[in-house]
Amino acid sequence: MTEQEIIASLGNRWRQSGINPGEVVLVHSSLKRILLKANAEFGVKITPQIVYQSLRYAVGPEGTLVLPLFNFDFPKTKYFDIRNTPSQMGALTEIGRTDPEAVRTGHPIYSFSVTGGKAEEFQGIDNYSGYGSDSPFAKIKALNGKIAIIGLTDQDSMTSYHFVEEQNQVNYRYFKIFEGTYIDQSGASSIRKYTLFVRDIERGVITDVNRMMNRLWHKGLYTGDQPDEGYGMRTIFMRDFYQETESVIRSGEAANFLYSIKQPE
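Just so it is clear, the model here is predicted, and its values are computed rather than measured. (Residues numbered from 1 in each chain as written. Predicted model: local features only at pLDDT ≥ 70, side-chain atom pairs only at ≥ 80, totals over all residues. Heavy atoms only, no water.)

(A) Spatial organisation of the pairing of strand 6 (residues 146-150). Here strand 6 lies mainly inside the structure; five of its five residues are buried. Judged from the five bridges that link them, strand 1 (residues 24-29) and strand 6 form a sheet pairing that is parallel. Paired with Ser29 across the two strands is Ile150, which belongs to strand 6. Across five bridges, strand 6 lies against strand 11 (residues 233-237) in antiparallel orientation. Residue Lys146 lies in a different strand from strand 11, and its bridge partner there is Phe237. (Buried < 20%, exposed > 50% of the residue type's maximum accessible area, 1.4 Å probe, protein only. Helix = DSSP H or I, 4+ residues; strand = E, 2+ residues; numbered from the N terminus. Pairing = 2+ DSSP bridges.)

Okay, here's the thing in structure tokens:
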């Protein structure tokens, strides 16, 4: 098979897992399972670049691919360069970051690369709070986008839970401010402050969302494969995800599905 044929074949697999042409799709991924399985199936070395192109193929020319470029060094280094600070979310996301067509959103910890039909709607997003109502999470919801997860459980991927938690002002998280040097797209340097809605470590709060993952499967809201089945991609509409998670919070069941308390040893 040619490289383009492999890209199309993988892209069609992503479509079987719930991605449709023209959609806005946020992808969280681990490539380990994909690369092993695809290498065996196609008999050639599959690269992260091929996987990236297959995701672009799946959403189509009018669709939009969103990748997390999260970098957790800002609280320690107090430095962020929107043009050059790398993603800590794996090879696929670095390909997205360096794509010349990509738009990068502005939060120094929770930024995203966006390519495709709706990329301009993410241009200039510089949300003060990582999960705020003006964040890329909110934009994906407003555009009736989807979340796709490849080869990971919710516990290891679904930062969107924290978006719902912030919007509902849960009492087991609080706002923490971070300040540092920020280099913008023009190369200008300034001191800026940003915030995150972080878990209350002093109370022993730990994120514990795989129970919610199972609930979403049980409700029929996830489409596709379990993390350890097939190519491991599942998808969910952001609005469905938000509504179901919000219902858990509002019914007082967050401790049963979204977090646990770790008792001191």
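Moving on from the coordinates now.
(B) Looking closely at the sheet that holds strand 10 (residues 223-224). The seven strands lie next to each other as 4-5-2-1-6-11-10, forming an open sheet whose pairing is mixed. In the strand order of this sheet, the two ends are held by strand 4 (103-104) and strand 10, each with one partner. The pairing of strand 2 (residues 64-68) with strand 5 (residues 112-116) spans five bridges and is antiparallel. Residue pairing across strands places Val66 opposite Val114, the latter belonging to strand 5.

(C) Structural detail: helix 1 (residues 3-16). The first and last C-alpha atoms of helix 1 sit 20 Å apart over 14 residues, in line with the 20 Å expected at 1.5 Å per residue. Along helix 1, the positions that sit buried rather than exposed are Ile6, Ile7, Ala8, Leu10, Gly11 and Trp14. Residues of helix 1 that are buried sit in contact with helix 2 (32-42), helix 3 (48-59) and strand 11. (Expected span 1.5 Å × (residues − 1). Contact = heavy atoms within 4.5 Å.)

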